[in-house]
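Spelled out from the first residue to the last, the chains are:
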Amino acid sequence: MFSELREQIWADWIWFPEGHGWDDLKDHDGKVFPKTQDLWATIPIALCFLVIRQIFERTVAIPLASLMKVSDKQRVRASPNPVLESYFCSTSKHPTQSSIESLSKQTGCSVRQVQRWFRRRRNQDRPSKVKKFREASWRFTFYLLAFFAGLAVLVDKPWFYEMKMMWEDFPKMPLLPSQYWYYMIELGFYVSLLFSVASDVKRKDFKEQIIHHLATIALIGFSWLVNYIRAGTLIMLVHDAADYLMESAKMFNYAGWRKTCNFIFTLFAAVFIITRLVILPFWIIHTTWVYPLTLYPPFIGFYFFNGLLFVLQILHIFWAGLILRMVIKFLPGNDIVEDERSDKEETESEDEEDEHRGKSKNGHVLNGHTVLNNNHSKTD
């Protein structure tokens with residue numbers, strides 16, 4: 001029963017154009033082709049990346065952060081309060097006005113004290129600037145090395161210059177050693193990002209990031225299985241071209257190097273738009289979606305592969321919107337770029353501002369407390 005189902009799922013007609021199949025990917029005459037079992041190598045590679053990352057962050061990222069004078073503000077910790085802590089962990093980190101008043105009665109604290117406690121408690125959960133710098137420096141290092149390694153792998157290949165050649169002799173293109181390692185290392189890195197997702201900095205686009213990682217892993221894995229290697233290497237290179245610029249801009253942002261951050265971010269925005277919104281859809285996806293139809297009738301594997309590419313393209317459009325918003329914000333005033341996806345730390349001055357507004361509006365503080373305004377504009 002299981003073997004029959006497996007045969008039906010992996011039938012030649014599903015994953016290959018008519019006249020081709022899995023037999024075309026069997027090694028022969030000294031030619032090596034990608035195999036399903038090769039993908040298991042990505043698990044130990046991912047684990048190695050996790051170990052290397054810890055070593056890198058402690059021996060390189062932390063000293064670099066100190067050299068660039070990246071430091072964290074002293075955070076005032078919320079005082080122990082079992083009632084407020086229980087509400088914070090089990091109900092909401094952002095209590096409503098009525099909930100704050102109720103908690104004020106339960107704890108014997110003033111409304112202002114409850115508000116301040118939740119603000120400080122939220123700040124405790126936010127990742128430190130040094131932690132963000134460590135993560136950005138690790139990703140910057142990988143993406144930079146991966147981009148130039150991918151460039152070295154592809155620069156002498158004819159399909160790098162004439163993309164239609166990625167379909168020449170498909171699917172009987174032999175696997176090159178450089179392609180094998182490029183694939184395994186890239187896929188291993190993205191698997192390691194999934195392994196570390198619980199401890200990494202969570203941003204507003206956390207769900208989109210998870211979708212992106214899963215779609216990327218599925219895309220790389222599937223392209224390996226059916227020997228879309230040439231298309232896969234081009235897609236990986238296009239992605240790595242902009243990522244290291246974004247991570248370096250973050251690093252200088254955390255260090256407070258305003259002009260350097262703004263310059264790199266502007267460069268990143270230009271490269272991102274060119275590679276993700278021009279080269280990828282109009283060159284690569286056109287060659288994987290439109291051109292193959294002139295060679296083969298459509299098949300399920302064709303739709304599956306391009307469907308994953310369209311998912312990535314939708315995410316690219318979403319992120320391009322965020323990037324353009326950031327560019328528009330900092331260009332006129334020459335202010336530092338702030339990642340639209342990052343949480344902003346709330347400061348104690350917000351309490352004073354709220355209290356001042358309450359006094360000026362009402363002439364005095366009602367019942368010894370300012371008027372509640374829990375819907376502050378700062379993003380948690």
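These numbers come from a predicted model, not from an experiment. (Residues numbered from 1 in each chain as written. Predicted model: local features only at pLDDT ≥ 70, side-chain atom pairs only at ≥ 80, totals over all residues. Heavy atoms only, no water.)

**Considering the nonpolar core**
Using the following cut-off: What we call a nonpolar core is a set of buried Ala, Val, Leu, Ile, Met, Phe, Trp, Tyr and Cys residues that are connected through their side-chain atoms within 4.5 Å. Here's how the labels work: a residue is buried when its accessible area is under 20% of the maximum for its type, exposed when over 50%, partly exposed in between, all with a 1.4 Å probe on protein chains only. Numbering of helices and strands runs from the N terminus; a helix is a DSSP stretch of H or I covering at least four residues, while a strand is a stretch of E covering at least two. In this description, contact between two residues means that some pair of their heavy atoms is separated by no more than 4.5 Å.
Of all hydrophobic cores here, the largest spans 91 residues; its most connected members are Val70, Tyr228, Phe265, Phe268, Ile284 and Phe305. At 17 residues, the largest contribution of residues to this core is made by helix H11 (residues 229–255). Each residue touching Val70, except ones within four places of it in the same chain, is listed here: Ala65, Lys129, Val130, Phe133, Tyr254 and Ala255. Among the nonpolar cores identified, the runner-up in size contains 10 residues, and Ala78, Phe88, Ile100 and Trp117 belong to it.

**Considerations on the UniProt feature "transmembrane region" (unreviewed entry) in the protein chain**
For clarity, the threshold we go by: UniProt positions are given in the numbering used here, feature names are shortened, and annotations may be inferred rather than shown by experiment.
The UniProt feature table records "transmembrane region" (unreviewed entry) at residues 140–160, 180–198, 261–285 and 300–324. Secondary structure content for residues 140–160 is 86% helix and 0% strand, while the C-alpha to C-alpha distance between its ends is 24 Å. As annotated, residues 261–285 has a helix share of 100% and a strand share of 0%, and its two end C-alpha atoms lie 32 Å apart.

**Quick look at unusual backbone geometry**
If a residue is not glycine, its phi is most likely negative; likewise, a peptide bond is most likely trans. For the peptide bond that leads from Phe170 to Pro171, omega is 0 degrees, which places it in the cis range. Locating Pro171 in the fold gives a position in the loop between helix H8 (158–161) and helix H9 (177–195). A positive phi angle, near 60 degrees, is found at Lys69, a position not held by glycine. Even without a glycine there, the phi angle at Asp169 is positive, about 65 degrees.

**Some points on the environment of Asp38**
Positionally, Asp38 belongs in the loop between helix H2 (12–15) and helix H3 (42–67). For the pair formed by Asp38 and Trp224, sequence separation is 186 residues and the distance between their alpha carbons is 9.1 Å. Once you skip the residues sitting within four places of it in the chain, Asp38 turns out to touch Phe33, Tyr180, Met184 and Trp224.

**Observations regarding the packing of aromatic side chains**
Put simply, the rule reads: Geometry of aromatic contacts follows a simple scheme: Phe, Tyr and Trp rings, the Trp one being its six-membered ring, pair when their centres are within 6.5 Å, and the pair is stacked under 30 degrees between planes, edge-to-face over 60, tilted otherwise.
Per the counting criterion, the structure on display carries 41 aromatic pairs. Pairing Phe49 with Trp138 gives two aromatic rings, centres 6.2 Å apart and planes at 70 degrees, and the pair type is edge-to-face. Taken together, the residues span a long stretch of sequence, with Phe49 in helix H3 and Trp138 in helix H7 (residues 129–154) at a distance of 89 residues. Taken individually, Phe49 and Trp138 each receive the classification buried, so the pair is uniform in this respect. On the numbers, 3.7 Å between centres and 5 degrees between planes, the contact of Phe142 with Phe189 is stacked. In this pair, Phe142 is assigned in helix H7 and Phe189 in helix H9, connecting sequence segments 47 residues apart. According to the relative accessible area criterion, Phe142 is buried, its value standing at 8%. Through a chain of ring-to-ring contacts, three or more aromatic side chains come together here, namely Trp10, Trp15, Phe16, Trp22, Trp167, Phe170, Phe222, Tyr228, Tyr296, Phe304 and Phe305.

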